[in-house]
Amino acid sequence: MQRCLEKLMLVHDSKKGYILISTEKESQLDRIREELKPNRVVAFLEDEFKIEHAKAVIAEAYISESETKYIVIGANNFNNISQNALLKILEEPPRNIELIIISPTKSNLLPTVRSRMPIVKGNKIRILQEMKLNLSRVNYGEVFDFLKANARVKKSEAKALVEALYHRATVVEKLILSTQQLQNFDKAYRLLELNSRPQSVLAQLIMSFTGEKNAN
């Protein structure tokens, strides 16, 4: 059970560097700027990220900062030379520097780059932002609406919803989950891994919160 729960807890921490998989680098940059206010965000958005762009990023990274500065690197394609040039600052960023890479696919990036930073999918961030369900006082009507809205989710999307629900419960609402509730999250994740029907898994998970509320 512990290993599944560890997966659920790997929710994007916007204050640390990461790789974001998204085809919408401009809109993601706008979101990042808003999310990280009042910190300074310096962006390098290109169609193809080349060695001259890598040199500009490195120069920016070594400009000393008293507060955390975020450098966003976004491109449709990254050549290998430019990626290799970034490895040192990705592994050991200068003081108060965090780097965020936006790429449309993981395959664009070298394994040596991918191994140095956590990878987050853009749809997971969207789901986390849109999660409005209040688990501490959820009612049957809200459960029905939630399930109806997510009636056709795929396995990967359902996993992201389970993670978002866990984040909602533990981080947003700061609920102290019972042993049974923790087991419910673990069970939901494992059932999805076994290709159980996503809507049924989500229904069982959310209904457990209505039962917990009624029991109290």
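Residues numbered from 1 in each chain as written. Predicted model: local features only at pLDDT ≥ 70, side-chain atom pairs only at ≥ 80, totals over all residues. Heavy atoms only, no water.

Here's the deal with the sheet that holds strand E4 (residues 97–103)
Strand order in the open sheet formed by 5 strands is E2-E3-E4-E1-E5, with parallel pairing between adjacent strands. Edge positions in the open sheet fall to strand E2 (40–49) and strand E5 (119–121), since each of these has one partner strand only. Looking at each pair of strands side by side, their axes are set apart by 20 degrees on average, direction ignored. Bridge count for E2 against strand E3 (residues 69–78) is 9 bridges, and the pairing is parallel. Across the sheet, residue Glu48 finds its bridge partner in E3, namely Asn77. (Pairing = 2+ DSSP bridges. Helix = DSSP H or I, 4+ residues; strand = E, 2+ residues; numbered from the N terminus. Axes fitted to C-alpha atoms, helices over the stretch in contact; angles between N-to-C directions.)

Description of unusual backbone geometry
With an omega dihedral of 5 degrees, the bond running from Lys37 to Pro38 counts as a cis peptide bond. Inspection of the secondary structure assignment puts Pro38 in the loop between helix H2 (25–35) and E2. Despite not being glycine, Asn96 shows a phi value in the positive range, around 65 degrees. Tracing the backbone shows Asn96 in the loop between helix H4 (80–91) and E4. Unusually for a residue other than glycine, Lys174 sits at a positive phi of about 55 degrees. Along the chain, the position of Lys174 falls in the loop between helix H8 (155–172) and helix H9 (179–193). The exposed category is assigned to Lys174, whose relative accessible area is 63%. (Buried < 20%, exposed > 50% of the residue type's maximum accessible area, 1.4 Å probe, protein only.)

Thoughts on H9
For an α-helix, 3.6 residues make a turn, and residues three or four places apart therefore share a direction. Between its terminal C-alpha atoms H9 stretches 21 Å, which fits the 21 Å expected from 15 residues at 1.5 Å a residue. Every buried residue belonging to H9 is among Gln181, Asn184, Phe185, Asp186, Ala188, Tyr189 and Leu192, and all of these are buried. A positive backbone phi angle near 70 degrees is found at Asn195, which sits one or two residues after H9. (Expected span 1.5 Å × (residues − 1).)

Here's the deal with the environment of Thr105
In this fold, Thr105 is placed in the loop between E4 and helix H5 (111–114). Through-space distance from the C-alpha of Thr105 to that of Ile21 is 5.8 Å; in sequence the pair is 84 residues apart. Of the polar contacts made by the side chain of Thr105, one reaches the side chain of Ser107; its length is 3.2 Å. (Polar contact = N/O pair within 3.5 Å; in protein donor to acceptor, adjacent residues only side chain to side chain.)

Re the packing of aromatic side chains
In this structure the tally under the stated criterion is 3 aromatic pairs. When the centroid spacing of 5.7 Å and the interplanar angle of 45 degrees are considered together, the rings of Phe49 and Phe78 count as tilted. Here Phe78 lies in strand E3 and Phe49 lies in strand E2, a separation of 29 residues in the sequence. We classify Phe49 as buried; its relative accessible area is 0%. Residue Phe78 is classed as buried on the basis of its relative accessible area, which comes to 8%. (Phe/Tyr/Trp six-rings, centres within 6.5 Å; stacked < 30°, edge-to-face > 60°.)

Let's talk about the side chain of Lys159
In this structure, Lys159 sits in helix H8. Exposure remark for Lys159: the relative accessible area of 16% places this residue in the buried category. Among all residues touching Lys159, those that are not within four sequence positions of it are Tyr189, Leu192 and Glu193. (Contact = heavy atoms within 4.5 Å.)

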